[in-house]
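# Coordinate inspection notes
The residues making up each chain are set out below.
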Amino acid sequence: MRYFLSVLLSLFAAYSFAVEMSEGEGTFYGGVAGSDGGNCRIFVEEGNYRHCAMNHTDYDSSSTCGACVHVFGPKGEIELKIVDRCPECKKGDIDMTPEAFESIANKEDGRVKIKWYYIACPDAKTIKFQFVPSMNQWYFDLAVMDHRYDVSSLEYLNKNSEWVAVKRTMDNHWQIITGEIPQAPYTFRLKSSMTDEVLVFENVPLVAGGEYDTKKQFALVEVNETSIHTYINDVDNFAAPYTIYNIDGSVIGTYDYIPNIENRVVIVKSQKSGRAIKLVSRRSY
């Protein structure tokens, strides 16, 4: 299924989100519920088991911290937030809590084959900047929290009206120790590599040891049902009947029309031409 053609979802929305399936092995560990003890330093509420540790390669110097994934296992599926790193895990592997693992496989199996892809974090509200207590005019260190998609870059606007990139640390902080240190109030720019959206935040105050709520969030990539049908009609050599698959390759059914498919990423294949495309119904994860 992974070789099917992708659709340019930007035809439907301001920002596109290319859904790509990854494969690896799923395992479990104790998790970090009730603390910010994961490598991402993201606080996880007590009793919240929907979090995981990403393998070192896909962790990518903390670039996937705070992003969310939809994981398929032998007996089920689950949505998880990335709050930690698994140093010994191979690319594609995800280490999850025991409760999360039991949602997708039998706990006694210990290690199972999984498939997963990035989604919009369902509990994301508004983006926050968290400042370390020691942050001042000579030292810059903050974290970006509660974002819907990944944060791939953080820049500040300097006194010459130039955007300057801030380096990210392995523990999900953005830090400047030497060189030019921006002064509050700040103008920041964030980008998500998943949707290519860029957000600008002006007049951000320094709240040393505290948090600043930006009241902004990355836009949810949406595609309504009418847009899907319009696109299908405009695709050359894409006639009914259609076989529709879940993103993991399982068959939903074969139809003479595109049915109402809510809140899912699916593969639609024309049985007449053999052509397949990837579609998003109502919202893109």
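Residues numbered from 1 in each chain as written. Predicted model: local features only at pLDDT ≥ 70, side-chain atom pairs only at ≥ 80, totals over all residues. Heavy atoms only, no water.

## Regarding the overall build of the protein chain
When helices and strands are tallied, the protein chain shows 3 helices and 21 strands. For the protein chain, the residues scored as buried account for 48% of the 285 residues in total. Here the analysis covers contacts within the protein chain between residues at least 6 apart in sequence; of these, 66% occur between residues at least 24 apart. For the protein chain, the exposed area adds up to about 13,700 Å²; of that, 46% sits on carbon and sulfur atoms. (Helix = DSSP H or I, 4+ residues; strand = E, 2+ residues; numbered from the N terminus. Buried < 20%, exposed > 50% of the residue type's maximum accessible area, 1.4 Å probe, protein only. Contact = heavy atoms within 4.5 Å. Areas by Shrake-Rupley, 256 points an atom, 1.4 Å probe, with all protein chains shown as cover.)

## Observations regarding the pairing of strand β17 (residues 242-246)
Across the 5 residues that make up β17, a large majority, 5, are buried. Every second residue of β17 is oriented toward a common face, with Tyr242, Ile244 and Asn246 on one face and Thr243 and Tyr245 on the other, all of them buried. Pairing analysis gives 4 bridges linking β17 to strand β18 (residues 251-255), with the strands arranged antiparallel. Residue pairing across strands places threonine 243 opposite threonine 254, the latter belonging to β18. Turn length for the β17-β18 hairpin, with the two strands adjacent in sequence and antiparallel, is 4 residues, and the turn residue glycine 249 shows positive phi of about 100°. (Pairing = 2+ DSSP bridges.)

## A look at the nonpolar core
In this structure, Val69, Val71, Leu142 and Phe188 are the most contacted members of the largest nonpolar core, which totals 52 residues. When residues of this core are assigned to their parent elements, the largest contribution, 5 residues, is made by strand β8 (residues 140-145). When sequence neighbours within four positions are dropped, the list of residues in contact with valine 71 reads Gly76, Glu77, Ile78, Leu80, Ile94, Met96, Ile104, Ile114, Lys115 and Trp116. Counting 12 residues, the second largest nonpolar core, distinct from the first, contains Met21, Cys68, Ala124 and Ala276. (Core = buried A, V, L, I, M, F, W, Y, C linked by side-chain atoms within 4.5 Å.)

## Re the sheet that holds strand β11 (residues 167-168)
Through backbone hydrogen bonds, the strands of a sheet pair up, either in parallel or in antiparallel fashion. Taken together, the 5 strands give an open sheet; going across it, the order is β11-β12-β8-β7-β15, and neighbouring strands pair in antiparallel fashion. What marks the edges here is a single partner per strand, and that holds for β11 and β15 (211-213). Sheet topology note: the β11/strand β12 (residues 174-176) ladder contains 2 bridges and is antiparallel. Directly across from arginine 168, in β12, lies its bridge partner tryptophan 174.

## Let's talk about the sheet that holds strand β13 (residues 186-191)
Spatial strand order, β10-β9-β13-β14: 4 strands in an open sheet with antiparallel pairing. Looking along the sheet, the strands with just one partner apiece sit at the ends: β10 (163-165) and β14 (198-204). When strand polarity is set aside, the average angle formed by the axes of neighbouring strands in this sheet is 30°. By the bridge criterion, 3 bridges tie strand β9 (residues 153-157) to β10 in an arrangement that is antiparallel. Bridging from a neighbouring strand, leucine 157 pairs with tryptophan 163 of β10. (Axes fitted to C-alpha atoms, helices over the stretch in contact; angles between N-to-C directions.)

## Some words on the layout of surface pockets
Taken as a whole, the largest pocket spans an internal volume of roughly 620 Å³. Looking at the largest pocket, it is lined by 24 residues, and the ones nearest its centre are Ile42, Phe43, Lys81, Asp123 and Asp146. Of the residues belonging to the lining of the largest pocket, the class tally is 9 nonpolar, 5 polar and 10 charged. (1 Å grid on protein atoms, 1.4 Å probe; cavity = no way out; pocket = protein on both sides within 12 Å on 5 of 7 lines; lining within 4 Å. Points joined across faces, edges and corners; volume = space filled by probe spheres on them. Nonpolar A, V, L, I, M, F, W, Y, C, P; charged D, E, K, R; others polar.)

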